[in-house]
Every structure is written in structure tokens, then in C-alpha cells.
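# Examining the three-dimensional arrangement
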Amino acid sequence: MADTEEPLDLIRLSLDEYIYVKCRNGRELYGKLHAFDQHLNIILGDTEETITKYEFDEDTGEEFINSTKRKIPMLFVRGDVVILISPPLRTG
Amino acid sequence: LFFSFFKSLIGKEVIVELKNDLEIKGTLHSVDQFLNIKLNNITVIDEEKYPHLMAVSNCFVRGSVVRYVQVPAEFTDLELLHDSSRIEARQQKKV
């Protein structure tokens, strides 16, 4: 039974698991959570970063140009760029 | 937690990616409590993004402009990181 668990406790449950991190500037990270702190600074192992660039089309509205960068070994992510943290998104 | 993490990496080569998309590879010389970083022997990644600072071999980077720091996986003690994170989270809860 979760007894007054704070968000940080819920993140703690994901240690050594793969997580999805949404970051500012249309960046998303999938990686293994190795460490975090109260600022949401994160150490992510085996990370894949996706940067989604938007091309603005006057007629239809927004359009996507998607680009993926990959950083594998070990990545420190500064807490002030993190928007949200979640278990990996599964289709369905 | 992360202050001691970076202290354990002093002397290793890291790549710092800044919020303005600059990527700087260098040897970690020192770090402080704000995670400000001093790098020695810097080289650039991707010439197009980089405003030429050819005269510079050492630099000080303010912690707040860092987006990511890429560190070598072989120098990170995962068990220690996991345990330290659990302790940090518990300490924050008590505060």
C-alpha cells in the first residue's frame, strides 16, 4: 500500500528501468534510469534522444520534420530541461 | 549527489551539450556545487554550430546553461548511483 508516496518516490520505483523523459525544445529521451535528485537531474544509460522539429505551413497548419539523435553510453540530463518522466509509452 | 558524481569524473573526457546547441568535448577539470564546469583541452563537435573559439583551450561553463553531459559509461558505478538515488529521495521526503 503506497503510504503518502511523493512523486520522487514513484520515480525511485523506476530505478534501473527504462523510462521516457519529455524535455524542453521538443526533445524526448528513452533510457535506463540510473540516478536522479530532487531537481530532477537524471543519469540515463543507453539513451536514445529524439528531436522533433516543426515546419510551419500556413495553409494546412503545423507539419513535422522528425530527426533522431542517438547518445548511447551514459548521459547526465540537467533537471531544468525535464518536463515529464514516465514509464516507456507503449502503443495501445 | 551529482556534485560527487562529477567529482568522481574529474580527469575524464566528457562532452558537454549546452542549451544553445553547442557541443564541447573536453577533459573535466573541476566542478562545483552548482554544477558549473571547467574543461581543459577542449575540442568542438560539429563545426557549423560552433562559433570559433580557437584561441581557447580551457573554459568555464555555468551550470545553468548545460543541457546534457555525455559521460563515458565505463567510469560510472551504477550500483552506487542507484543506492545514492534511493537515499536522496528518502532524504528529500523527510525534509
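Look above for the structure.
Definitions and cut-offs
- Residues numbered from 1 in each chain as written.
- Chains lettered and ligands numbered in written order.
- Predicted model: local features only at pLDDT ≥ 70, side-chain atom pairs only at ≥ 80, totals over all residues.
- Heavy atoms only, no water.
- Phe/Tyr/Trp six-rings, centres within 6.5 Å; stacked < 30°, edge-to-face > 60°.
- Helix = DSSP H or I, 4+ residues; strand = E, 2+ residues; numbered from the N terminus.
- Buried < 20%, exposed > 50% of the residue type's maximum accessible area, 1.4 Å probe, protein only.
- Contact = heavy atoms within 4.5 Å.
- Buried area = accessible area lost by both parts, 1.4 Å probe.
- Salt bridge = Lys/Arg side-chain N within 4 Å of Asp/Glu carboxyl O.
- Polar contact = N/O pair within 3.5 Å; in protein donor to acceptor, adjacent residues only side chain to side chain.
- Nonpolar A, V, L, I, M, F, W, Y, C, P; charged D, E, K, R; others polar.

## Some thoughts on the packing of aromatic side chains
Any aromatic ring pair is given by two values, namely how distant the centres are and how the planes are angled relative to each other. If you walk through the whole model with that rule in mind, you get six aromatic pairs over all chains. A centroid spacing of 5.3 Å and a plane angle of 50° characterise the contact between A:Y20 and A:Y30, whose relative ring orientation is tilted. Of this pair, A:Y20 sits in strand 1 (residues 18-23) while A:Y30 sits in strand 2 (residues 27-36), and the two are 10 residues apart along the sequence. In this structure A:Y20 comes out as buried when scored by relative accessible area, which is 6%. When the centroid spacing of 6.3 Å and the interplanar angle of 80° are considered together, the rings of B:F2 and B:F5 count as edge-to-face.

## A few points about the interface of chain A and chain B
If you look at the interface, chain A gives 31 residues, while chain B gives 30 residues. Note on chain A versus chain B: buried area summed over both sides is about 2,600 Å², and carbon and sulfur give 60% of it. It is A:M74, A:F76 and A:R78 in chain A that bury the most area against chain B; as a group they hold 26% of the surface buried on that side. Across the contact surface, chain A and chain B share five salt bridges. The residue B:E17 makes a salt bridge to A:R27 at a minimum N-O spacing of 3.5 Å. Our enumeration of links across chain A and chain B arrives at 10 residue pairs in polar contact (both at pLDDT 80 or more). Sorting the residues of the side of chain A that touches chain B by element identifies helix 1 (7-12), strand 2, strand 3 (42-57) and strand 4 (61-77) of chain A as the ones contributing at least two each. Its residues assigned to classes, the side of chain A that touches chain B comprises 14 nonpolar, five polar and 12 charged.

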